Amino acid sequence: MSDNLPTTAQPAAQPGRSPVRLRPEIADLPPYRQGKPAAPDAFKLSSNEVPFPPLDAVLSAITDTAANSHRYPDGAALALRTALAETNGVTPERIHIGAGSVALLSQFITATAGPGDEVVFAWRSFEAYPGLVTVAGATSVRVPNRPDGSHDLEAMAAAVTDRTRVVIVCTPNNPTGPVVERAAFLSFLRSVPSDVLVLLDEAYREFVTDDDAVNGIPLLDEHPNLVVLRTFSKAYGLAGLRVGWAIGHELVLDGARNAAIPLSSTAPAQQAAIAGLANAEDIRARVAVITARRDDLAAALREQGWFIPAAQGNFVWFGLGEQTAASNETFLAHGIVGRAFPGDGVRISIGEAESIEPLLAAAAEILAGLPADHPTREGVRSR
Ligand SMILES: Cc1ncc(COP(=O)(O)O)c(C=O)c1O
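- The chain carries the name Aromatic amino acid aminotransferase in an unreviewed UniProt entry, which gives Plantibacter flavus as its organism.
- Under the UniProt heading Cofactor (unreviewed entry), the entry covering the chain gives this text: "pyridoxal 5'-phosphate".
- According to its UniProt record, the chain has this under Function (unreviewed entry): "Aminotransferase that catalyzes the conversion of aromatic amino acids and 2-oxoglutarate into corresponding aromatic oxo acids and L-glutamate."

Below is the structure:
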């Protein structure tokens with residue numbers, strides 16, 4: 001039978017090209033690059049993970065729940081939302097759970113911006129932002145950071161037009177490290193139209209020690225267009241389980257819920273997050289170890305002669321520019337696997353205590369080879 005069906009011309013598959021027609025802007029996207037897998041004797045400091053394994057209570061929650069894996073998870077994640085709502089003094093309707101905060105970013109962008117719409121964010125910032133905007137069919141508007149690696153909020157406000165649907169503010173900024181200060185953020189919020197969504201990405205909030213830094217949650221009641229994103233991946237050490245949460249106006253969150261893939265947050269992930277919240281004191285103790293190590297490392301690097309932007313996440317930034325690729329090789333030779341952004345810089349996460357010595361040795365070697373007027377030397381860069 002089928003031999004008699006009319007046939008259409010079959011173009012030969014071309015190497016490197018999809019055999020089916022993809023949206024051109026999707027085909028052109030660079031694949032999301034994960035932190036490099038590290039050699040067994042190297043330190044993997046490329047993904048801003050914490051070096052600690054899950055707490056015992058968290059592991060028990062995961063294994064207990066795993067025994068029920070033949071059942072679907074609670075798609076509404078009500079128990080976790082209730083726990084987060086209690087901690088933050090809101091009703092559970094004002095909390096939304098996603099499979100990592102990157103899933104939430106995608107949902108909020110998709111819910112608000114499509115073809116012809118613009119999404120404003122600082123650059124360089126979290127590398128997933130441009131791709132998520134493209135997938136939504138919208139257009140990215142990147143506003144360069146200031147020379148010290150902080151957001152230029154005035155320029156970001158000025159970049160808002162009647163096509164803007166979302167502004168993403170990342171504090172502390174990944175990969176450069178500085179926070180957005182509370183006063184500056186408040187005047188920024190006042191200058192953005194009240195129907196434009198402001199996404200405050202606080203993935204690293206638990207590591208912040210700067211008292212002037214913004215904390216988005218207390219600002220939500222006054223600013224219904226503000227949504228704050230948090231994650232269990234970083235301070236809570238659950239990167240592999242994929243749990244993030246959003247807090248904001250119930251109806252704005254409903255938009256994201258409508259744009260979500262149903263049932264993508266798993267039961268072990270939800271229960272692990274609940275166990276993490278129940279053991280927040282232990283988490284805070286671990287975070288304190290990391291922030292002390294971060295501050296000591298940044299001080300030692302500045303002592304060597306580096307300009308290191310204010311490091312308020314669990315990472316430090318080397319703005320190496322054209323020297324990025326060569327410097328990254330030196331880090332690797334010392335067993336330090338950071339994240340290199342070609343032409344821009346290298347971000348190194350705060351990891352095991354034993355990683356600090358080889359990291360400092362590599363940094364000293366790199367600095368010795370940099371030109372005297374390189375902007376990542378202390379004192380050269382204009383602030
Ligand atoms: C600024 C920022 N936002 C969001 C995320 C996403 O984290 P997750 O999806 O693991 O919650 C990351 C991860 O590195 C990040 O750096």
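The discussion continues.
## Section: helix α10 (residues 280-304)
- The terminal C-alpha atoms of α10, which comprises 25 residues, lie 36 Å apart, in line with the 36 Å expected from a rise of 1.5 Å per residue.
- What α10 keeps buried is the set A280, I283, V287, I290, T291, R293, R294, L297, A298 and L301.
- Residues of α10 that are buried sit in contact with α9 (267-278), β9 (315-318) and α12 (356-368).
- G305 lies just past α10 and shows a positive phi near 120°.

## Notes on the domain arrangement of the chain
- Assigned domains of the chain: these are domain 1 (24-51 + 281-368) and domain 2 (57-278).
- Each side of the interface is counted separately: domain 1 has 27 residues, and domain 2 has 29 residues.
- Summing the contributions of domain 1 and of domain 2, the shared interface buries around 2,200 Å²; its carbon and sulfur component is 64%.
- Inspection of the domain 1/domain 2 interface yields 2 salt bridges.

## Considerations on the UniProt feature "domain: Aminotransferase class I/classII large" (unreviewed entry) in the chain
- Under the feature "domain: Aminotransferase class I/classII large" (unreviewed entry), the UniProt entry names residues 41-329.
- In the segment residues 41-329, helix accounts for 39% and strand for 15%; the C-alpha atoms at its two ends are 16 Å apart.

## Let's talk about the UniProt feature "modified residue: N6-(pyridoxal phosphate)lysine" (unreviewed entry) in the chain
- When the UniProt feature table is mapped to this numbering, "modified residue: N6-(pyridoxal phosphate)lysine" (unreviewed entry) covers K234.
- Tracing the chain through its elements places K234 in the loop between β7 (226-231) and β8 (244-247).
- When near neighbours in sequence (up to four residues on either side) are disregarded, K234 contacts S47, N48, V50, A203, Y204 and F207.
- A polar side-chain atom of K234 sits 3.5 Å from a polar atom in the side chain of Y204.

## Here's the deal with the site of the ligand
- Surveying the vicinity of the ligand reveals 13 residues, the closest of which are S101, D201, Y204, T231 and S233.
- The side chain of S233 places a nitrogen or oxygen atom 2.6 Å from an oxygen atom of the ligand.
- K234 is positioned with one of its side-chain polar atoms (N or O) 2.9 Å from an oxygen atom of the ligand.
- Partitioned by chemical class, the residues of the shell around the ligand number 5 nonpolar, 5 polar and 3 charged.

## Considering the environment of W245
- Locating W245 in the fold gives a position in strand β8.
- Using a relative accessible area of 6% as the deciding quantity, one classes W245 as buried.
- When the C-alpha positions of W245 and I97 are compared, they lie 4.5 Å apart, and in sequence the two are 148 residues distant.
- Not counting chain neighbours up to four residues away, the residues in contact with W245 comprise L84, N88, I95, H96, I97, L104, I217, V228, L229, R230, T231 and F232.

## Points about the sheet that holds strand β6 (residues 197-201)
- Pairing in this open sheet of 7 strands is mixed, and the strands run β2-β8-β7-β6-β5-β3-β4 from one edge to the other. Two strands in the sheet have a free side with no partner beyond their single neighbour: β2 (95-98) and β4 (139-144). Strand-to-strand twist in this sheet, taken as the mean axis angle between neighbours without regard to direction, amounts to 25°.
- Note: β6 against β7, 4 bridges, orientation parallel.

## Structural notes on the pattern of salt bridges
- In this structure the tally under the stated criterion is 11 salt bridges.
- Note that R23 and E25 form a salt bridge whose closest N and O atoms lie 3.1 Å from each other.
- Overall, R23 belongs to the partly exposed group, its relative accessible area being 39%.
- Judged by its relative accessible area of 34%, E25 falls in the partly exposed class.

Criteria and cut-off values
Residues numbered from 1 in each chain as written. Predicted model: local features only at pLDDT ≥ 70, side-chain atom pairs only at ≥ 80, totals over all residues. Heavy atoms only, no water. UniProt positions renumbered as here; feature names shortened; annotations may be inferred. Helix = DSSP H or I, 4+ residues; strand = E, 2+ residues; numbered from the N terminus. Expected span 1.5 Å × (residues − 1). Buried < 20%, exposed > 50% of the residue type's maximum accessible area, 1.4 Å probe, protein only. Contact = heavy atoms within 4.5 Å. Domains from an automatic or database assignment. Buried area = accessible area lost by both parts, 1.4 Å probe. Salt bridge = Lys/Arg side-chain N within 4 Å of Asp/Glu carboxyl O. Polar contact = N/O pair within 3.5 Å; in protein donor to acceptor, adjacent residues only side chain to side chain. Near = heavy atom within 4 Å. Nonpolar A, V, L, I, M, F, W, Y, C, P; charged D, E, K, R; others polar. Pairing = 2+ DSSP bridges. Axes fitted to C-alpha atoms, helices over the stretch in contact; angles between N-to-C directions.

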